[in-house]
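Inside the fold
The residues making up each chain are set out below.
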Amino acid sequence: MNDRNGWKADIAKSGGCPQAAPMQFDSIPPLSLLVGSQLIDVKRREYDWAFLFAGGVSVVAESSHWRLVDGAKVIITDEDHGQLFGLKEPVDAASVVPAELSDATVSRVEVSAVSDLLLSFSNGRTLQVIVGSAGYENWHVYGPDNSHTFAIGGGELCREAR
C-alpha cells in the first residue's frame, strides 16, 4: 500500500501488486456498492461519460468506450451519441441508457482479465465499459465513502481509500 496525502492505494495484478494475491475488487467498495443500485442518470461531459447510481456511486468512462448490450444485441454505444442514422434528431445516448435500465438494478459486477468493467442488470442487459487505452486511466468508480477504483493503462486496477 502506498500513502499519498491520506489516500491508500492498492494495485492488483502482476508486477505492481504489493499484496500476496491480487485483490477481488468486485467484492470491496466502491464496486461492491453497485450491486442492488439503480442507474439514475447518465451525463456526457466534455472528455468523459458519467453514470450516476442511487446510493452515491458513480462510474466514469474516461479513456474507454462503453456499450449497453442485451445478450448478443448491441442496444447503444458511446459512438452512437450524436449520430443521425437516418433519424430526424441525433441519437442521445445519455437518455437511451437510463430508459433501457429504468426499472433495473445492478445484479452483478465483473472485471475482465484486461480490466473491462461489466455491470449486469436485473433486466438482462449489461453495461460494458471497455478499456480503450494501454497508457491512460480508462474508467473510475467512485463511492460515497471516498473509495475509488480505477483501471490504469495496460489493464491493471488500482484502489484508493481514505
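Residues numbered from 1 in each chain as written. Predicted model: local features only at pLDDT ≥ 70, side-chain atom pairs only at ≥ 80, totals over all residues. Heavy atoms only, no water.

**As for the sheet that holds strand β6 (residues 64–70)**
Basically, it comes down to this: Paired strands, in this sense, are two strands between which DSSP finds at least two bridges. Each helix is a run of DSSP H or I of at least 4 residues and each strand a run of E of at least 2, with the numbering of both proceeding from the N terminus. The axes are straight lines fitted to the C-alpha atoms, using for helices just the contacting stretch, and the angles between their N-to-C directions are given from 0 to 180°. By definition, residues are in contact when any of their heavy atoms lie within 4.5 Å.
Spatially, the 5 strands line up as an open sheet ordered β7-β6-β10-β9-β8, and their pairing is antiparallel. In this open sheet, the two edge strands, each paired with only one partner strand, are β7 (73–77) and β8 (106–111). Across the sheet, the mean angle from the axis of one strand to that of its neighbour is 20 degrees, orientation sign disregarded. Where strand β9 (residues 117–121) lies against strand β10 (residues 125–131), 4 bridges are found, and the strand directions are antiparallel. Counted as the bridge partner of L118 is Q128 from β10. Sitting on the sheet, helix α2 (residues 93–100) is in contact with β6, β7 and β10, with an inclination near 135 degrees to β7.

**Some words on the side chain of S133**
Filter applied, for reference: Each polar contact in these results corresponds to two N or O atoms within 3.5 Å; when the atoms are within protein, one needs to be able to donate a hydrogen and the other to accept it, and residues that are neighboring in sequence are counted only if both atoms are side-chain atoms.
Relative to the assigned elements, S133 resides in the loop between β10 and β11 (139–142). Side-chain polar atoms of S133 contact the backbone nitrogen of G135, separated by 3.0 Å. What S133 contacts, discounting residues up to four positions off in sequence, is S63, N138, G153 and G154.

**So, the packing of aromatic side chains**
For clarity, the cut-off: Working definition: rings of Phe, Tyr and Trp (its six-membered ring) pair if their centres are within 6.5 Å, and the pair is stacked with planes under 30 degrees apart, edge-to-face with planes over 60 apart, and tilted otherwise. Throughout, exposure labels follow a simple rule: accessible area from a 1.4 Å probe, protein chains only, divided by the maximum for the residue type, with under 20% read as buried, over 50% as exposed, and the rest as partly exposed.
Inspection of every chain in the model, using the stated rule, returns 3 aromatic pairs. Arranged with centres 5.1 Å apart and planes meeting at 80 degrees, the rings of W49 and W66 form a pair that is edge-to-face. Of this pair, W49 sits in strand β4 (residues 49–53) while W66 sits in strand β6, and the two are 17 residues apart along the sequence. Given the relative accessible area of 4%, W49 is considered buried. For the ring pair F51 and W66, a centre distance of 5.4 Å and an interplane angle of 90 degrees mean the geometry is edge-to-face. Here W66 lies in strand β6 and F51 lies in strand β4, a separation of 15 residues in the sequence. Each of the two residues, F51 as well as W66, counts as buried.

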